[in-house]
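The lines below spell out each chain.
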Amino acid sequence: MEFQLNEDQQMLRDMVRQFVEKEAKPTVAERDEQAIWPGALVKQMGELGLLGVAVSEEYGGAGLDYISYAIVIEELSRVDASLGVIASVNNSLVCYGIEKYGSEEQKRELLTSLAAGRTLGAFSLSEPGAGSDAAAQRTTAVRDGDSYVINGVKNWVTNGDHADTIILMTMTDPSKGVKGITAFLVDTREPGCRVVKVENKLGIRSAHSSQMAYDDFRVPASRRLGEEGQGFKIAMTILNAGRIGIAAQALGIAQGAYEEALAYTKVREQFGKPIHEFQAVGFTLADMATRIKAARLLTYDAAWRKDQHLDYVKDAAMAKVFASETAMWTATKAVQLHGSNGYSKEYPVERYFRDAKITEIYEGTSEIQRLVISREITRD
Ligand code: CAA
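Residues numbered from 1 in each chain as written. Predicted model: local features only at pLDDT ≥ 70, side-chain atom pairs only at ≥ 80, totals over all residues. Heavy atoms only, no water.

Participant: Please give an account of the site of the ligand that cites residues and values.
Facilitator: Around the ligand, a shell composed of 23 residues is seen, among which S132, T158, K179, N240 and R375 lie nearest. Here E363 contributes a backbone N or O atom positioned 3.0 Å from an oxygen atom of the ligand. Between the ligand and G364 there is a distance of 3.0 Å, counted from an oxygen atom to a backbone nitrogen or oxygen. In the complex, 74% of the free accessible area of the ligand, which totals 1,100 Å², lies under the protein chains. Placement of the ligand is best described as lying within the largest pocket. Secondary-structure elements contributing two or more residues to the shell around the ligand are β3 (147-158), α6 (231-267) and α10 (366-378). The greatest single-element share of the shell around the ligand, amounting to six residues, is contributed by α6. Here the shell around the ligand is composed, by residue class, of 12 nonpolar, six polar and five charged. Of the residues that make up the shell around the ligand, three or more belong to each of domain 2 (122-229) and domain 3 (233-377). (Near = heavy atom within 4 Å. Polar contact = N/O pair within 3.5 Å; in protein donor to acceptor, adjacent residues only side chain to side chain. Areas by Shrake-Rupley, 256 points an atom, 1.4 Å probe, with all protein chains shown as cover. 1 Å grid on protein atoms, 1.4 Å probe; cavity = no way out; pocket = protein on both sides within 12 Å on 5 of 7 lines; lining within 4 Å. Sits in = over half its atoms within 2 Å of the grid points. Helix = DSSP H or I, 4+ residues; strand = E, 2+ residues; numbered from the N terminus. Nonpolar A, V, L, I, M, F, W, Y, C, P; charged D, E, K, R; others polar. Domains from an automatic or database assignment.)

Participant: Report on the nonpolar core, specifying residues and quantitative values.
Facilitator: If you look at the biggest cluster of nonpolar residues, it comprises 93 residues, and the most contacted ones within it are M45, L76, F123, I167 and M169. Ranked by residue count, the leading element in this core is α6, at 17 residues. Beyond its immediate chain neighbours, meaning those up to four positions away, M169 contacts F123, S124, L125, Q137, T139, K154, I181, T182, A183, G231, I234 and A235. Counting residues in each nonpolar core, the second largest holds 16 residues, with V157, V186, C193 and Y214 among its members. (Core = buried A, V, L, I, M, F, W, Y, C linked by side-chain atoms within 4.5 Å. Buried < 20%, exposed > 50% of the residue type's maximum accessible area, 1.4 Å probe, protein only. Contact = heavy atoms within 4.5 Å.)

Participant: If you had to explain the pattern of salt bridges to someone new, which residues and values would you point to?
Facilitator: For side chains of opposite charge, pairing can occur when their charged atoms come near one another. Counted under the stated rule, the structure contains 28 salt bridges. The residue R78 makes a salt bridge to E259 at a minimum N-O spacing of 3.0 Å. Of this pair, R78 sits in helix α3 (residues 66-79) while E259 sits in helix α6, and the two are 181 residues apart along the sequence. The network of salt bridges with common partners includes R13, R17, E74, E75 and R296. (Salt bridge = Lys/Arg side-chain N within 4 Å of Asp/Glu carboxyl O.)

Participant: How would you explain the environment of G203 if you had to name every residue and give the values?
Facilitator: Along the chain, the position of G203 falls in the loop between β6 (193-198) and β7 (209-220). With relative accessibility at 10%, the residue G203 sits in the buried group. C-alpha separation for the pair G203 and A316, spaced 113 residues apart in sequence, amounts to 23 Å. In this structure, G203 is in contact with R354 and D355, ignoring residues within four places of it in sequence.

Participant: Can you tell me about the domain arrangement of the protein, naming the residues and giving the values?
Facilitator: Reports of interface size often rely on the accessible area that becomes lost once the parts have come together. Domain boundaries assigned for the protein yield domain 1 (7-120), domain 2 (122-229) and domain 3 (233-377). Each partner contributes to the interface: domain 1 provides 26 residues, whereas domain 3 provides 33 residues. For the pair domain 1 and domain 3, the two sides together bury roughly 2,400 Å², of which 61% comes from carbon and sulfur. Taken as a group, Y66, E74 and R78 account for 25% of the area that domain 1 buries against domain 3, more than any other trio of residues on that side. Between the two partners, domain 1 and domain 3, sit four salt bridges. Residue D32 is joined to R354 by a salt bridge in which the shortest nitrogen-to-oxygen separation is 2.7 Å. Across the domain 1-domain 3 interface, the total number found is 11 residue pairs in polar contact (both at pLDDT 80 or more). (Buried area = accessible area lost by both parts, 1.4 Å probe.)

As structure tokens, this is what we get:
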């Protein structure tokens, strides 16, 4: 059993760290404040191979393992959690889904450009009435000759307003429930697909989440992902991998908040000494470091299991729930250790605090992760 990164993984970590420190950090506060989409940074991430980390080189990816993918998302999120989720959605919700379920033609036509960052992807499952109950899909797709006609409204589509390709879940046969759900690869430039609104959010404000509508939107049958009725299984399988990405995002947020708290408590003096010398502060830092280490081990372990082709449903859910709750706890404590300064936009901890919250919600709430884990451990 190995507990250290190999040389390539360490080099990758250093490369991503350098990139975000130099290119993203100077603008992260302003982009957050004004909810500015980081178009130039997304382009750079594509050029650096960060948008198709685990996609095979044959299809335009970097051909690395899932631990490397987790490292990339963690490092991006340590500085900018918005970049973390933009990359995570493209990597694990879109590229992974197409590589696993797409036809050869779909891979050649869509995956090669998505993995190389020439185009951007989004994943669209949630609807106003289908959040945790993902099977309650109301968006319909009706077969008409060689195509399907899609009608419905989707929300919380991360990357939606900038995406070229969307993996879209629809209902093709409502009488079959979850077995009536079908996935499509949608080209957003085609008529009938529109952005209704971009949400005004608490955190990850530079990553856009949109409500999108489909009005008599026509998609060729050749752009169906998998078989009719296979959509729910595809969505769940994609989300298993996505949850490793969100665990890594949460880990990066926790690490960033912890580093800020550590640095601050060393320079901030009260009662004649740096505040980290007070036991209450020192113990809080100790708990942060311990929880972050545990979250990292869980996240890398889930990624390792995926790399080894072992079952990782439970492990990804464990990593996601633990890392996201670690991020929220660590960021809350980091604000507390900053006192009033932590409540000010002059210091980055308030942003980590706002960014952390979503990791407990999207790609399956903490409650859904516990449901998944409890089902897995009580099976048979
Ligand atoms: N992996 C693989 N297959 C799975 C699965 C998983 N994690 N969970 C369920 N399935 C399969 C089941 O095996 C079953 O298939 P079979 O009948 O062939 O065995 C089928 O799916 C139906 O399963 P359930 O009966 O368990 O379905 P359910 O209706 O009870 O729902 C649920 C299960 C776990 C609650 C699921 O609805 C869920 O995960 N909900 C959360 C949804 C979610 O994560 N949304 C995130 C939105 S995307 C997002 O946030 C993206 C973004 O932009 C950042």
